[in-house]
Amino acid sequence: MKWSWKIGTFAGIPVYLHATFLLLLGWIALSHWMQSQSLFMTLTGVAFTSTLFVSVVLHEYGHALMARRYGIATRDITLLPIGGVARLERIPEKPNQELWVALAGPAVNVVLAALLGAYLLLTGHFEPVRQMGLTHGIFLERLLLANLFLVGFNLIPAFPMDGGRVLRALLAKRMDYARATRTAASIGQGLALVFGFLGLFTNPFLVFIALFVWIGAAQEAALVETKSAFVRDAMISDFRTLSPRDELSAAVKLVLGGWQQDFPVVEQGRVVGMLLRSDMVATLANGEVHSFVDETMRRDFPVASPKEPLQSVFTRLHEAEATTVPVVESGKLVGVITPENMTEYMLIRAALDNAKKKSTGRIEMESFNLRGSELMAEQHRGQR
């Protein structure tokens, strides 16, 4: 992830700190200073937030280590202002596996809260919860309550929280995976509407949570749909290519004359590079108008096969920060694929699926009405 710094590797999993996390610490420090005008209280607030995020990291390690038990590796863990993100290589395919991986994170917070509670009970340091606040109260008791909040928040049955994955795992025991995901996503988006409505009249932060849940549910549903779709279904077969010895002016004409932004560079029937629009514009801005394509093209680029799932290509595009991927079969360039085209394909597919369901519903209703008419006619003949 961009703007992230590696802070260490633990249990073989790299941990990164995103730059925006420092903004959170800055905001915490400023809030405490404005409220207390005390350097000690300000440092205490920053220390509390940092300690809380240690709990968040342990939460993510709960997911990662449970996934490792099922042979699923974790690429890395990144700390963001909204929490932690553990990037698993793949989603557990069996419902029970996803259930335990999803529950492992909140379970870590339950254990931490129990340990903190036991310590506070043994030392007699508990104080009434009503006397606690965001900026005051016993440090460890506030940490205990924060861990309990993490458990409750993460078990909300909506993506991208753990509760959404728990719900999908339970539903997947009774229906196919794609349908379970759609159902769980719909429930999550329903909750997002409730949060958003309540947030308008109570706490504006609920509106932010509602938006977060709505987008997360939509992304999860779209991601699962790509599992059953392949590159050949969504790739663009009408495309333009360039030669390494073409001037950039040739690429400019193609960009201005059509839809294409990035171009495979082909030499003797083989893809040897990718000319990206961003690189071309940067070169032109430097005044190198007559430079050749091979001076600007990228030689390190991802390649897709028409037979592989869209999901794997989507992941590769994200990791390589690419905008266009050439599709190669038996060494021959057969198409290109972009995130925009994948999105358009999934939208059209969803629309066709909905139309099919409506059509099936009409056919079933017509069949039902026909059977009802036949029964009524038979009954009428019997009465006669």
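Residues numbered from 1 in each chain as written. Predicted model: local features only at pLDDT ≥ 70, side-chain atom pairs only at ≥ 80, totals over all residues. Heavy atoms only, no water.

Peer 1: Explain the overall build of the chain residue by residue, including any values.
Peer 2: Summing up its helical and strand segments, the chain has 13 helices and eight strands in all. Residues classed as buried in the chain amount to 40% of the 384 residues present. Intrachain contacts of the chain at a sequence separation of at least 6 include 57% that bridge at least 24 residues. (Helix = DSSP H or I, 4+ residues; strand = E, 2+ residues; numbered from the N terminus. Buried < 20%, exposed > 50% of the residue type's maximum accessible area, 1.4 Å probe, protein only. Contact = heavy atoms within 4.5 Å.)

Peer 1: Just give me the short version of a nonpolar patch on the surface, but keep the residues and values in it.
Peer 2: Residues Val194, Phe197, Leu198, Leu200, Phe201 and Val207 make up a contiguous nonpolar surface patch of about 620 Å² in total accessible area. Of the residues forming the nonpolar patch, the biggest block, five residues, is contributed by helix H6 (residues 177-201). Position of Leu200 relative to the elements: it lies in helix H6. Leu200 sits in the exposed class, given a relative accessible area of 64%. (Patch = residues over 30% accessible without salt bridge, like charges linked within 9 Å, V, L, I, M, F, W, Y side chains within 5 Å. Areas by Shrake-Rupley, 256 points an atom, 1.4 Å probe, with all protein chains shown as cover. Salt bridge = Lys/Arg side-chain N within 4 Å of Asp/Glu carboxyl O.)

Peer 1: Describe the environment of Arg75, with residues and values.
Peer 2: Inspection of the secondary structure assignment puts Arg75 in strand S3 (residues 74-80). C-alpha of Arg75 to C-alpha of Pro14: the two residues are 61 residues apart in sequence and 7.4 Å apart in space.

Peer 1: Outline the pattern of salt bridges, supporting the account with residue identities and numerical values.
Peer 2: Evaluated as defined, the whole model comprises four salt bridges. Taking the shortest distance from any N to any O, the salt bridge between Glu98 and Arg168 comes out at 2.6 Å. Taken together, the positions of Glu98 in helix H3 (residues 95-123) and Arg168 in helix H5 (residues 162-172) put the pair 70 residues apart, joining distant regions of the chain. According to the relative accessible area criterion, Glu98 is buried, its value standing at 3%. Arg240 is the partner of Asp238 in a salt bridge, and the nearest nitrogen-oxygen pair spans 3.1 Å.

Peer 1: Can you tell me about unusual backbone geometry, naming the residues and giving the values?
Peer 2: Notably, Ala11 is not glycine yet its phi reads approximately 55 degrees, a positive angle. In this fold, Ala11 is placed in the loop between strand S1 (4-10) and strand S2 (13-18). Positive phi outside glycine occurs at Ser330, with the angle close to 55 degrees. Topologically, Ser330 is positioned in the loop between strand S7 (325-329) and strand S8 (332-337).

Peer 1: Provide a residue-level description of the nonpolar core, including the pertinent values.
Peer 2: Of all hydrophobic cores here, the largest spans 23 residues; its most connected members are Phe21, Phe53, Tyr61 and Leu79. Elements represented by at least two residues in this core include exactly S2, helix H1 (19-36), helix H2 (39-69), S3, H3 and helix H4 (139-154). Of the residues forming this core, the biggest block, seven residues, is contributed by H2. Ignoring anything within four residues of it in the chain, the contact list for Tyr61 reads Phe10, Ala11, Ile13, Val15 and Ile77. (Core = buried A, V, L, I, M, F, W, Y, C linked by side-chain atoms within 4.5 Å.)

Peer 1: Which residues make up the confidence of the model for the chain, and what values go with them?
Peer 2: Mean pLDDT over the chain works out to 79, with 84% of the residues at or above the 70 mark. The least confident element of the chain is helix H13 (residues 339-383), whose mean pLDDT is 59; the most confident is strand S5 (residues 263-267), at 92. In the predicted structure, residues 367-384 sits below a pLDDT of 50 and forms zero contacts with residues beyond four places in sequence or in another chain. (pLDDT = per-residue confidence, 0-100.)

Peer 1: Outline the packing of aromatic side chains, supporting the account with residue identities and numerical values.
Peer 2: For the coordinates displayed, the defined rule picks out two aromatic pairs. Both rings, one in Phe149 and one in Phe153, keep their centres 5.9 Å apart while their planes meet at 15 degrees; by these two values the pair is stacked. Linking Phe149 with Phe153, this pair stays in helix H4, spanning four residues, or about one helical turn. A relative accessible area of 53% means that Phe149 is categorised as exposed. The ring centre of Phe230 lies 5.0 Å from the NZ or CZ of Arg232, which sits over that ring. Over the ring of Phe292 we find Arg245; its NZ or CZ atom is 4.0 Å from the centre of that ring. (Phe/Tyr/Trp six-rings, centres within 6.5 Å; stacked < 30°, edge-to-face > 60°. Lys NZ or Arg CZ within 6 Å of the ring centre and 35° of its normal.)

Peer 1: Pulling in residues and values, what's your account of the pairing of S7?
Peer 2: Two faces belong to every sheet, and in a regular strand the side chains alternate between them. Summarising the sheet, S7 and S8 pair through five bridges and their orientation is antiparallel. Across the sheet, the residue bridging to Val328 is Leu333, located in S8. Adjacent in sequence and paired antiparallel, S7 and S8 are bridged by two residues, among which Ser330 carries a positive phi angle near 55 degrees. (Pairing = 2+ DSSP bridges.)

Peer 1: Which residues make up the environment of Leu80, and what values do they have?
Peer 2: When you line up the elements, Leu80 lands in strand S3. Remark: the alpha-carbon pair of Leu80 and Leu17, spanning 63 residues in sequence, is separated by 7.0 Å.

Peer 1: Before we move on, could you go through the packing of helix H9 (residues 248-257) against helix H10 (residues 277-285) and cite the residues and values that matter?
Peer 2: Contact geometry of H9 with H10 gives a least axis separation of 11 Å together with a crossing angle of 125 degrees. Judged by the angle between their axes, H9 and H10 are oblique. Relative to H10, the crossing made by H9 is left-handed. Counted together, Leu248, Ala251, Val252 and Val255 of H9 and Met280, Thr283 and Leu284 of H10 form the full contact between these two elements. Its residues placed into classes, the contact of H9 with H10 shows six nonpolar, one polar and no charged. (Axes fitted to C-alpha atoms, helices over the stretch in contact; angles between N-to-C directions. Parallel < 35°, antiparallel > 145°, perpendicular 65-115°, else oblique. Left-handed = near helix turned anticlockwise from the far one by under 90°. Nonpolar A, V, L, I, M, F, W, Y, C, P; charged D, E, K, R; others polar.)

Peer 1: Which residues make up the environment of Asp262, and what values go with them?
Peer 2: Here Asp262 lies in the loop between H9 and S5. Asp262 sits 61 residues away from Thr323 along the chain, and the two C-alpha atoms are 7.6 Å apart. Not counting residues within four places of it along the chain, the set of residues in contact with Asp262 comprises Met274, Leu275, Leu276, Arg277, Thr323 and Thr324. Among the polar contacts made by the side chain of Asp262, one reaches the side chain of Thr323 at a distance of 2.4 Å. In terms of polar contacts, Asp262 uses its side chain to reach the side chain of Thr324, at 2.8 Å. (Polar contact = N/O pair within 3.5 Å; in protein donor to acceptor, adjacent residues only side chain to side chain.)

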